[in-house]
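Each chain, letter by letter, is given below.
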Amino acid sequence: EALENGWCYTSCGPTIYDIGYEGDRLYVRTSPATRIILLSEGRYAQTVYGDGITEAYFDRAPAKTGRFVRFEVVDACGARAISRGYFIHEFEGKQ
């Protein structure tokens with residue numbers, strides 16, 4: 001059921017608890033991390049750095065993000081979690 005509904009991600013350590021949309025910003029809530037990265041169509045990326053950060057907010061600039069985004073989380077040991085890809089329209093109306 002999780003695979004059919006897209007409620008899954010790949011991880012070698014970090015946990016992704018929530019991904020969503022508030023106003024004009026996308027957010028990710030995770031286990032403690034050193035980097036949370038938004039990767040989008042093309043070469044555009046935004047990164048939030050910190051020591052033990054558990055959430056990050058990203059501006060959604062359609063001209064930069066394009067049609068889809070995915071998120072990557074890196075913990076203090078270098079382990080990574082990678083979300084599935086999300087079409088931007090999946091977030092619209094789900095605030």
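Rules behind the numbers
- Residues numbered from 1 in each chain as written.
- Predicted model: local features only at pLDDT ≥ 70, side-chain atom pairs only at ≥ 80, totals over all residues.
- Heavy atoms only, no water.
- Helix = DSSP H or I, 4+ residues; strand = E, 2+ residues; numbered from the N terminus.
- Buried < 20%, exposed > 50% of the residue type's maximum accessible area, 1.4 Å probe, protein only.
- Contact = heavy atoms within 4.5 Å.
- Polar contact = N/O pair within 3.5 Å; in protein donor to acceptor, adjacent residues only side chain to side chain.
- Core = buried A, V, L, I, M, F, W, Y, C linked by side-chain atoms within 4.5 Å.
- Salt bridge = Lys/Arg side-chain N within 4 Å of Asp/Glu carboxyl O.

Student: How should I be thinking about the overall build of the protein in this particular structure?
Tutor: What the protein contains, in helices and strands, is two helices and seven strands. Each helix (α) and strand (β) of the protein, taken in turn from the N terminus, gives the series α-β-β-β-β-α-β-β-β. A total of 95 residues make up the protein; the buried ones form 36% of that total. Pairs at least 24 residues apart make up 49% of the contacts formed inside the protein by residues separated by at least 6 positions.

Student: Explain the environment of R84 to me, please; I cannot follow it from the model alone.
Tutor: Mapping R84 onto the fold places it in the loop between β6 (80-83) and β7 (86-87). Taking the C-alpha atoms as reference points, R84 and T10, separated by 74 residues in sequence, lie 7.9 Å from one another. A polar contact is formed between the side chain of R84 and the side chain of E90, at a distance of 2.8 Å.

Student: When you look at the nonpolar core in this model, what are you seeing that I'm missing?
Tutor: If you look at soluble globular proteins, the nonpolar side chains tend to sit buried side by side. Judged by nonpolar contacts, the single largest core of 18 residues is most densely connected at L26, I36, V69, F71 and F91. Of all the elements in the fold, those that place two or more residues in this core are β2 (16-22), β3 (25-40), β4 (45-59) and β5 (68-74). In terms of residue count, the dominant contributor to this core is β3 (five residues). Residue contacts for F91: discarding those within four places in its chain leaves I19, G20, Y21, L26, V69, F71 and Y86.

Student: When you look at the pattern of salt bridges in this model, what are you seeing that I'm missing?
Tutor: Where side chains of opposite charge bring their charged atoms close, a pairing between them can arise. On inspection of all chains with the given rule, the structure shows seven salt bridges. Its salt-bridge partner being R29, residue E22 comes within 3.6 Å of it at the nearest N-O pair. Accessibility expressed as a relative area gives 36% for E22, which makes it partly exposed. Given the relative accessible area of 24%, R29 is considered partly exposed. The partner of R80 in a salt bridge is E72, and the shortest N-O contact between them spans 2.1 Å. Taking the relative accessible area as the measure of exposure, R80 reaches 35% and is therefore partly exposed. Overlapping salt bridges bring together D18, E22, R29 and E55 as one network.

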